[in-house]
Amino acid sequence: MFDFFKKKNPEIEEFTVEEKEEKVADEISQMQSGEEEANDTSLGEIVEDGEERIDLVEENPIDLEVQSDEEEKTGFFSKIKKGLTKTRKQFTSNLKNLFTSNVKIDDDLYEELEEILISADIGMTSTIEIVEELKDEIKARSIKDPNEIYPVLKEIMANKLKENNLDNKLKLEKGKLSVILVIGVNGVGKTTTIGKLAYKLKNEGKNVMLAAADTFRAAAIDQLGERASRADIEMISHKEGADPSAVIFDAIKSARAKNVDVLICDTAGRLHNKKNLMKELEKINKTIDTHAKEALRDNLLILDATTGQNALSQLREFKNVTDITGLILTKLDGTAKGGVIYPLQLELNVPVKYIGVGEGIDDIEEFDPDSFVEAIF
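Residues numbered from 1 in each chain as written. Predicted model: local features only at pLDDT ≥ 70, side-chain atom pairs only at ≥ 80, totals over all residues. Heavy atoms only, no water.

Student: Just to check I follow, could you spell out the pairing of strand β4 (residues 262-266) for this structure?
Tutor: Remark: a regular strand shows side chains that alternate across the two faces of the sheet. Across the five residues that make up β4, a large majority, five, are buried. In β4, alternate side chains face the same way, and those of Val262, Ile264 and Asp266 on one face and Leu263 and Cys265 on the other are all buried. Bridge analysis of strand β1 (residues 178-183) against β4 gives four bridges, and the strand direction is parallel. Paired with Ser178 across the bridge in β4 is Val262. (Buried < 20%, exposed > 50% of the residue type's maximum accessible area, 1.4 Å probe, protein only. Helix = DSSP H or I, 4+ residues; strand = E, 2+ residues; numbered from the N terminus. Pairing = 2+ DSSP bridges.)

Dropping the structure here:
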C-alpha cells in the first residue's frame, strides 16, 4: 500500500516515517470520501452528465428497456423524415414564407399556394382538389389569420392520402402462399427493392423465396442472386435468355414443395412503349393464375420518385396490361419532389405500400400517410 502512494506522490520521501503513515491515511480517507460522493449523486446531476447517464442506464435494466421502446417509436418517423429532407426543405420553407401575418387571404395567396404544390410535383389535378378543399375549410372555420392556414392544409393533405390509401397492406396470410409480382422499368431500383422487401419479410418471420424471371437483361440474375445470398434467401433461376414464364412455373412448384410463405418474382425492366415486353408480362400473369390459383396475389409497380410526372405515365401504361395492387416509391431521399405520391393515389387511385428512403438493406418502410405528411411539414 505504501509503495503505491509513494509512486503516486514522489515527494513523500521528504517526510518522517510517522508523517508518511499520516499522509497515506489521508490519501485513503480522500478516496473513500470520493466514492461516497459518487454514490450520493442525484438523478438530476447524472442526467446533466452524458457519460454518467450512460452508466446509470447500463446498471438499470428497467431504464434501458424504456429507452429502447422510445427509440423504436421514433425510429420509423426519423428515418422517413431524414429521407424526405430535400422535399421538406423546399416545400415547407415556401409555405412558411407564404403564410405570414403580413399577407391577405385572397386569390393571390391561393395562386401562390398552387404554384408551391405544383413545384413539389403534386400535380395540377391534385393541387386544385387540395386548394378548393382548403378554401371551403377556411370559410367554414372563419379563419382570418394566415398563420392558421398552415395546420389546416397539413390536415387536408394527410386526409387525402388516407382516403386513397386504405388498402396498402400486402396480401399475407399464415399457412397460405403469397405471390408478389414485381414490375418496373430499368433504373427504378427494382432489384435493390426486391432485396430490401425480401429481407424485411424474412425478419418478420416469413419463409421467403425469389424467382429471377428477368432473363433479358445481362447480369440481372447475378444481381438478384447476390441480394438473395446476402439475406440468406433461396432463389429459383434459369439461364440468361430463358423463358420468364418457365422460371415462374418452377418457382411456384418449388415454393409449394418447401412450404414457402412469400414468393417474390422479379420481371424484366420493361419500357412502357415496348409492346412485346408488355405481352410477356401478360404471359407471366397467366402462368401465375393457372398454376397458383389459390395463392394470394400482389402486383407491385416500382416507381422512381425522381422521375416526377413520368411516374404517372408509367403507372397508366402498366394498369392497361395488369392489375396493379400497389406501388413502391423509391429514391424519395434523392428528390425535392416527393409530392408525386399525391397524383399517383388521388388521380390513379393506386395505394403506396412501401417507400424507399435510403441505400441500406433495411431502408424500406411501410407507407403511413400521417408519418409522411408529418415528415414533409
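Student: Is there a simple way to think about a negative patch on the surface in this case?
Tutor: On the surface, a cluster of negative charge is made up of Asp107, Asp108, Glu111, Glu112 and Glu115. Locating Asp107 in the fold gives a position in helix α7 (residues 107-119). (Patch = residues over 30% accessible without salt bridge, like charges linked within 9 Å, V, L, I, M, F, W, Y side chains within 5 Å. Areas by Shrake-Rupley, 256 points an atom, 1.4 Å probe, with all protein chains shown as cover. Salt bridge = Lys/Arg side-chain N within 4 Å of Asp/Glu carboxyl O. Lys, Arg positive; Asp, Glu negative; His and termini not counted. Charge placed at Lys NZ, Arg CZ, Asp CG, Glu CD.)

Student: Explain the environment of Gly195 here, please?
Tutor: Assignment of secondary structure puts Gly195 in helix α10 (residues 190-203). Residue Gly195 is classed as buried on the basis of its relative accessible area of 5%. For the pair Gly195 and Gly225, spaced 30 residues apart in sequence, the C-alpha separation works out to 9.4 Å. Sequence-distant contacts of Gly195, that is, excluding residues within four places in its chain, are made with Arg227 and Ile361. (Contact = heavy atoms within 4.5 Å.)

Student: Please explain the pattern of salt bridges as it appears in this structure.
Tutor: Side chains that differ in sign of charge can pair as their charged atoms come close. For the structure shown, the criterion picks out 21 salt bridges. A salt bridge links Lys154 to Glu374; the shortest N-O distance between them is 2.9 Å. Here the residue Lys154 occupies a position in helix α9 (residues 149-163), and Glu374 occupies one in helix α16 (residues 369-376), the gap between them amounting to 220 residues. Assessed through its relative accessible area of 24%, Lys154 is described here as partly exposed. Arg217 is the salt-bridge partner of Asp214, the closest N and O atoms lying 3.7 Å from each other. The exposure class assigned to Asp214 is buried, which follows from its relative accessible area of 2%. Under the relative-accessibility criterion, Arg217 is labelled partly exposed at 26%. Taken together, the shared-partner salt bridges in this structure form one network comprising Glu129, Glu133 and Lys160.

Student: In this structure, what is going on with α10? I would like to understand it.
Tutor: For an α-helix, 3.6 residues make a turn, and residues three or four places apart therefore share a direction. Taking 1.5 Å as the rise per residue, α10 with 14 residues should run 20 Å; its terminal C-alpha atoms sit 20 Å apart, in good agreement. Taken as a whole, α10 has its buried residues at Lys190, Thr191, Thr193, Ile194, Gly195, Lys196, Leu197, Ala198 and Leu201. (Expected span 1.5 Å × (residues − 1).)

Student: Sorry, what's going on with the sheet that holds β4 here?
Tutor: Strand pairing in a sheet takes place through backbone hydrogen bonds and is either antiparallel or parallel in direction. Here eight strands make up an open sheet; going across it, the order is β3-β2-β4-β1-β5-β6-β7-β8 and the pairing mixed. Both edges of this open sheet fall to β3 (234-236) and β8 (364-366), since each of them pairs with a single strand only. In this sheet, neighbouring strand axes are inclined to one another by 25° on average, regardless of whether the strands run parallel or antiparallel. Of the strands in this sheet, β2 (208-212), β3 and β4 are in contact with helix α11 (residues 220-230), which crosses β2 at around 170°. Across the sheet, helix α14 (residues 310-319) is in contact with β1, β5 (296-304) and β6 (326-330); its angle to β5 comes to roughly 150°. (Axes fitted to C-alpha atoms, helices over the stretch in contact; angles between N-to-C directions.)

Student: Help me understand the nonpolar core in this model?
Tutor: Within soluble globular proteins, side chains that are nonpolar tend to cluster in buried spots. Phe91, Ile264, Tyr342 and Phe372 are the most contacted members of the largest nonpolar core, which has 99 residues in total. The greatest single-element share of this core, amounting to eight residues, is contributed by α9. For Ile264, the residues in contact, after removing those within four places along its chain, are Ile180, Val182, Ile194, Leu197, Ala198, Leu201, Val208, Met209, Leu210 and Ala211. (Core = buried A, V, L, I, M, F, W, Y, C linked by side-chain atoms within 4.5 Å.)

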